[in-house]
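# Fold and contact review
Chain by chain, the residues:
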Amino acid sequence: MTSKLILVIDDEESIQKVVKLSLKLEANWESICASSGREGFSQAQTQQPDAILLDVMMPEIDGIKTFEMLNNNLQTQTIPVILLTAKTGTAEKRLFQKIGATGVITKPFNPLTLASQMARLLGWRL
Amino acid sequence: MKILLIDDDNALAEVLLQQLAVQNYIVDRVADGEMGWSYASTFDYDLIVLDWMLPQLDGLQLCERLREAGYGVPILLLTAKEQQTDKIRGLEAGADDYLVKPFDITELLVRIRVLMRRTSNEAQSSLAWGDLRLDPASCSVTYQGRPVTLTAKEYSLLELFLRHGHQVFSATTLLDQIWSSDEFPSEATVRSHIRGLRQKLKTAGISTNVIETIRGLGYRLNTPSLTAALPTRTQSPPRDHQAQYLAGLIQAWQAHKNESVERWNYLLHLSQTLPERGMSEQQRMQAKQMAHSLAGTLGTFGLMEGYRLALQIQQLLQSASAILPKQIAQFRALVTTLGHALDQPPQLANGAEDTPHAAKLLIVDINQAPYIQQLMALAVAQGFTPEVAASTDGALQTLSGPAPKPGEPMSLPDLVLVNLVGGEADPILDETSSQILLKFITTLNQRWPQLPTVLITPQADFGNRLDLVRRGSAMVLEYPVSPKEVLEAIVQTTYLNYRHSKIMLVDDDSLYLQQLVQLLQPWHFQITPLANSKRFWTLFTQTMPDVIVLDIEMPGVNGFELCKVLRSHPRWQHVPIIFLSVHGDPDSQSRAFAVGADDYITKPIQGQNLVFRILNRLKRYHAWRAQESIASA
C-alpha cells in the first residue's frame, strides 16, 4: 500500500516521538506532529493528512474542541480522526461515538501494533 | 547515586537535602526509624545517612536490624554523642562511618563519596559489552581475550558506563564521580579522557563506538551491535523492529525524562506541604492533570509501575472535595514510590493489556500504619488492586459486599492481609485490638474458608503461629518484614494451589524456550519445553499438562493446527491454551480464539505477565474441574 501521512496532535513531545517511530517502523507511514489543538487544526488544513491521531486531554483547546473545529471546516471535515485517550468509561465512549470520531485508541497503546490498530479502525489494509 | 536520609531534624534535613541535590545525589528523606526500615527494604540505595536519635526505632536499632537482614549498603551514622564508646557501639551495630554533630557539611560530603567509592570497588563481578570484558577484581580490560591497556581514569570511566548501561552522564556528573575534588578538573578534561578511551578501544579492534555522545546531555554506553551479540540465528523482521523501536524509545526517554521528573517534583512538593497547608482546588486540578500526563507518558514508554501509580494518584485526586486527612499518607506513599519507578528504563510494553491480572487484596489495618501505606503503594505499582479496611466491621462489610447480579459469582478479594502489628513505638498489639482481630480471623475462616489469609505479627513464635494457623491463616509473616517480602508472600499464597502444575511450552526457537523456562522457574511449575512441534502429541499424552503455551509459526505443524487437534478431542476441550506470538495483529488473534485459544499474548513478554496469565488460566481450570467433580458426584 502507498505510504500514508498521519497528523499526530498531542501536547506531549515525547509521545509524538514514540507515535512517529511506531508508525514508521510498523507500517512505513510518515507523520507530522502538532503540539496543540490550534496548531493541529492549521496543519490539517495545509497538509491534508490521510488521518489524524488526536489526544483528548490537552490544555487550552482540548481534543473534543479540536475535533469540532476540524469537523466544522470544509477543508478538514473529511479527514478521519482517531482519538487517543487514557482508559475511558462507558459515558465517555458514548460521547466519542456521538461526536462522530472514526475510532478511539486507549493509552497506553501497544507501540508495536499501533499502525495495525489504526488501519483496522480506518478500514485500511496494511 | 541514591541516598536514603533518615533524620527527624527538619532544619538539618532541609540543608542536607539541598547540599546533596547540588552534588547530584538523589535523596529520599524519612523522619523515623520504622519508615527508614520500610524504605531501605523496599527501594535500592547506594548509601544510608542515619541519625542515631530517632523517634520509635532508633538509628542504632535500625542499623542492627538492617545488618541482621543481610543489608549490605554502607551506612553513615550521624549523632550528637561523641564519646569513644558511642563510636564503638555505632560501628559494632554495623555502621561503616560515624560523624559527630555539629559537623562541617563538606566533611559529610567527602565521607559519603569515600564510602560510595569503597563499595563500588567491592563490586567484583565481571562486566561485559559484547566481547569487551572488564574485571574489577584484577582491574583489567580485555577484548576478545586480548588485554586492552587503559589509564586509571579511562578505566574508571569505562567501568562507570558498563555499570550503568542506560544512563546518560553529563560531563559534570562524570567529574563528580571519577575525579576527586582536589584535582580541579574541567569539562575539557572529561572530553579529552573520553576521546582517549574511544581511541584505545578502537585500536583494540572494536568497530562500534562504545561511548556515544548524546548532544546537549552528555555520554552514554552505546548498544553493542545486535548481530555481534546474538548467536547465528537470523532475526525475523518483527524482532528487528523491536530492537530499533527500543533504541528509539530509550533515546526519546533520555531526552524527555526531565519533563516527567518535573511533574513528579510538583506532586512531591504538594505531598510534603499537604499536612500543613492543605490543597487548593486549583492545586488539586493541576496535580490531577500532572498525574494524568505522567500516566500517559509512562505508559507509552512502558514504565508500567509508574503508569499504575500515576493512575492511582489521578484517581485519588478525582473527587471534587479536598483530599481527606486519611488519604494524605497514601498520597505521599504513592508519590514517593512513583519517584523510584521513574528510574526504571523504558520497555516495550503491550499497551493497556500489559497490566498483569494480579490479585485483589483486602488489607485489614486498624492502626493505619505508615508501613501499610508503603505496602499499598508498592502493591499498586505491581498491578495488585489493594483496598484497606480500617476496622474489622468495615472488612466484613466489604467481604459481604452488594449482592451479585443473578448468574454472576460473588466478587470476593483473592486474599485478605491482616496487620497484627501495634503502633511503631511498641509493635505488640494491645489486648483489646488483638482479641478483635483474632475473632475476625476466625470468622473469616468460618464464613469464607476458600479465602487465603496472610498475617503480619511481631509474635510469631511456635505457640502463636500454631494458634493463628488453627484459626485458619495460610501464611504468618514475622514483623519486621519489608513490604516487598509481604507482596512476594502474597503472590505465593494466592497461587499456592498451583505450584507443581504442569506447563507445556511449544516454540521452535530453542533459545526463547530457555528464556521462558527461566522466567517460570521461580513458580515451581513442572515445565515441559518442546521445540519440535511434530513430537507434540507423544509428549502431550505422556505429560498431560494443565496449561499449554503455543507459538504460532512453527515448521511442520503450526500452533493453530496443534490447537485444533486438541480441541477435536472430547477430553481436551477445556485444557487451557495460551498463544504466545510476535503477531500482534487482530487477524491472528481472532484466528487463535476461533480455533479454541483461551488467551493470546504478544511477544515480547513483560515481566511477570505470562506468569499471571498462566496462573489465571490455572485458577479457572481448577474451578471448572472442581465444579465438574461435584456435578459427577
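Okay, so let's go over this structure. (Residues numbered from 1 in each chain as written. Chains lettered and ligands numbered in written order. Predicted model: local features only at pLDDT ≥ 70, side-chain atom pairs only at ≥ 80, totals over all residues. Heavy atoms only, no water.)

### Here's the deal with the overall build of chain A
- From N to C terminus, chain A includes five helices and five strands.
- The order of helices and strands in chain A, counted from the N terminus, is β-α-β-α-β-α-β-α-β-α.
- In chain A, which comprises 126 residues, the proportion classed as buried is 55%.
- Pairs at least 24 apart in sequence give 65% of the contacts found in chain A among residues at least 6 apart.
- Of the roughly 5800 Å² of accessible surface on chain A, a fraction of 48% belongs to carbon and sulfur atoms. (Helix = DSSP H or I, 4+ residues; strand = E, 2+ residues; numbered from the N terminus. Buried < 20%, exposed > 50% of the residue type's maximum accessible area, 1.4 Å probe, protein only. Contact = heavy atoms within 4.5 Å. Areas by Shrake-Rupley, 256 points an atom, 1.4 Å probe, with all protein chains shown as cover.)

### Observations regarding the environment of Q314 of chain B
Residue and element names in this part refer to chain B.
- Examined against the element boundaries, Q314 turns out to sit in helix α12 (residues 304-316).
- Sequence spacing of Q314 and M285 is 29 residues, and the spatial spacing of their C-alpha atoms is 9.7 Å.
- Beyond its immediate chain neighbours, meaning those up to four positions away, Q314 contacts K288, A291 and H292.

### Some details on helix α2 (residues 37-47) of chain A
Residues and elements named next belong to chain A.
- Among the residues of α2, those classed as buried are G37, G40, F41, Q43 and A44. An end-on view of α2 places all buried positions within 165° of arc, on one side of the element. Exposed residues pointing more than 90 degrees away from the buried face of α2 are listed as R38 and T46.
- Residues of α2 that are buried sit in contact with β1 (5-9), β2 (30-34), β3 (51-55) and α3 (63-71). (Arc of directions from axis to C-beta.)

### Digging into the packing of aromatic side chains
Residues and elements named next belong to chain B.
- A complete count under the given rule lists nine aromatic pairs over all chains for this structure.
- Taking the centre distance of 5.5 Å and the plane angle of 20° together, the rings of F536 and F540 count as stacked. With a gap of four residues between them, F536 and F540 both fall in helix α20 (residues 536-543), about one helical turn apart.
- Taking relative accessible area as the criterion, F536 reaches 2% and is therefore assigned buried.
- A relative accessible area of 0% means that F540 is categorised as buried.
- Judged by centre distance (6.4 Å) and plane angle (25°), the rings of F579 and Y600 are stacked. (Phe/Tyr/Trp six-rings, centres within 6.5 Å; stacked < 30°, edge-to-face > 60°.)

### Considering the pattern of salt bridges
- Under the defined criterion, the tally for this structure stands at 18 salt bridges over all chains.
- We note a salt bridge from D96 of chain B to R67 of chain B, for which the minimum N-O separation is 2.7 Å. In this pair, D96 of chain B is assigned in the loop between α4 (84-92) and β5 (97-100) and R67 of chain B in helix α3 (residues 59-68), connecting sequence segments 29 residues apart.
- On the basis of relative accessible area, R67 of chain B is assigned to the partly exposed category, the value being 22%.
- One salt-bridge network, held together by shared partners, links D10, D55 and K107 of chain A. (Salt bridge = Lys/Arg side-chain N within 4 Å of Asp/Glu carboxyl O.)

### What about the side chain of R617 of chain B?
All names here are of chain B.
- Here R617 lies in helix α23 (residues 609-632).
- Buried charged residue R617 carries no salt bridge. Nearest counter-charge: D598, at 4.2 Å.
- Ignoring anything within four residues of it in the chain, the contact list for R617 reads V547, P576, I578, D598 and D599. (Lys, Arg positive; Asp, Glu negative; His and termini not counted.)

### Some thoughts on the pairing of strand β14 (residues 415-419) of chain B
Residues and elements named next belong to chain B.
- Within β14, five of the five residues are buried, which leaves the element mostly enclosed by the surrounding structure.
- The alternating pattern of β14 places L415, L417 and N419 and V416 and V418 on opposite faces, both of which are buried.
- As paired strands, strand β12 (residues 360-364) and β14 are joined by four bridges and run parallel to one another. Within β14, the position partnered with L361 by the bridge is L415.
- Across four bridges, the pairing between β14 and strand β15 (residues 453-457) is parallel. If you follow V416 over to β15, its bridge partner there is T453.
- Tracing the backbone out of β14, into helix α16 (residues 431-447) and back to the parallel element β15 gives a crossover that is right-handed. (Pairing = 2+ DSSP bridges. Right-handed = clockwise from strand over helix to strand, strands pointing away.)

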